[in-house]
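The chain contents come next:
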Amino acid sequence: MAATLMLSGPVSAAPDTDPAFDTDAAVAQLRDAAEGDAAATEAVERLAKSPRDVVDVADAEKVLPPTNIPVQLFQVPAYSDTGQGGPVLGQLYGTGVATNTNNEFRFGFFGGPGQISRNQDGVGLSVVYVNLTNGTSGILPVNERERVLPTVISSAPVPGAHHGDTIVGAIYGNLRHDLPKEQTVVSTVWWPSLGLVLG
């Protein structure tokens, strides 16, 4: 991940109440939530059929410095055509995150080359999610730049998410990044970021 995240305070990579993350169960729940949306279904099926790099909580804390903004890292990072080498899948791109500021639970994404561009015309990340606590689910665009942190692009607040809810989500799609010398690159996620987080 080439971008820099400026933070201070605690970072959580997984809910304290359930550190064991059953990715197969999560993918099964997301398959139902994605039904009827071709792009979401395709992303979830890619998660279902391949191995995963799962981020250890201790390793995650090395990636993101502590923050006083509640940030939870997704346990499974994203891979794209512009990423850097990862231990299992190769092109490590970034990771999904979840934040809860001003009582607004949002999904977000951090990573990629250069900076997340202000111009996202014709591209976009999305998140398919299931709230395991109350059964609500949906698909949201992840398109609000600098809403939570300068280096994170985020979704709108997740409908029906309450404090303490257990929520699983997968982020997929593509994103435009600005590089030095006015260059722009589009990164396409071929391996979605998957996470189990607390509302």
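Our structure's up above, just so we're on the same page.
Computed from a predicted structure; not experimentally measured. (Residues numbered from 1 in each chain as written. Predicted model: local features only at pLDDT ≥ 70, side-chain atom pairs only at ≥ 80, totals over all residues. Heavy atoms only, no water.)

## Focus: the overall build of the chain
Then comes step 1: Along the backbone of the chain there are three helices and eleven strands.
Then comes step 2: Counting from the amino terminus, helix and strand elements in the chain follow one another as β-α-α-α-β-β-β-β-β-β-β-β-β-β.
Then comes step 3: Looking at the chain residue by residue over its 199 residues, the buried ones come to 49%.
Then comes step 4: A separation threshold of at least 6 residues defines the contact pool for the chain, and within that pool the share at least 24 residues apart is 69%. (Helix = DSSP H or I, 4+ residues; strand = E, 2+ residues; numbered from the N terminus. Buried < 20%, exposed > 50% of the residue type's maximum accessible area, 1.4 Å probe, protein only. Contact = heavy atoms within 4.5 Å.)

## What about the packing of helix 1 (residues 23-34) against helix 2 (residues 38-49)?
Then comes step 1: Direction vectors running N to C along helix 1 and helix 2 enclose 165°, while the axes themselves pass 9 Å from each other. Comparing their axes, helix 2 and helix 1 come out roughly antiparallel. Crossing of helix 1 over helix 2 shows left-handed handedness. Residues Val27, Leu30, Arg31 and Ala34 of helix 1 form the contact with helix 2, whose own contacting residues are Ala40, Thr41, Val44, Glu45, Leu47 and Ala48.
Then comes step 2: Per-class residue counts for the contact of helix 1 with helix 2 are seven nonpolar, one polar and two charged. (Axes fitted to C-alpha atoms, helices over the stretch in contact; angles between N-to-C directions. Parallel < 35°, antiparallel > 145°, perpendicular 65-115°, else oblique. Left-handed = near helix turned anticlockwise from the far one by under 90°. Nonpolar A, V, L, I, M, F, W, Y, C, P; charged D, E, K, R; others polar.)

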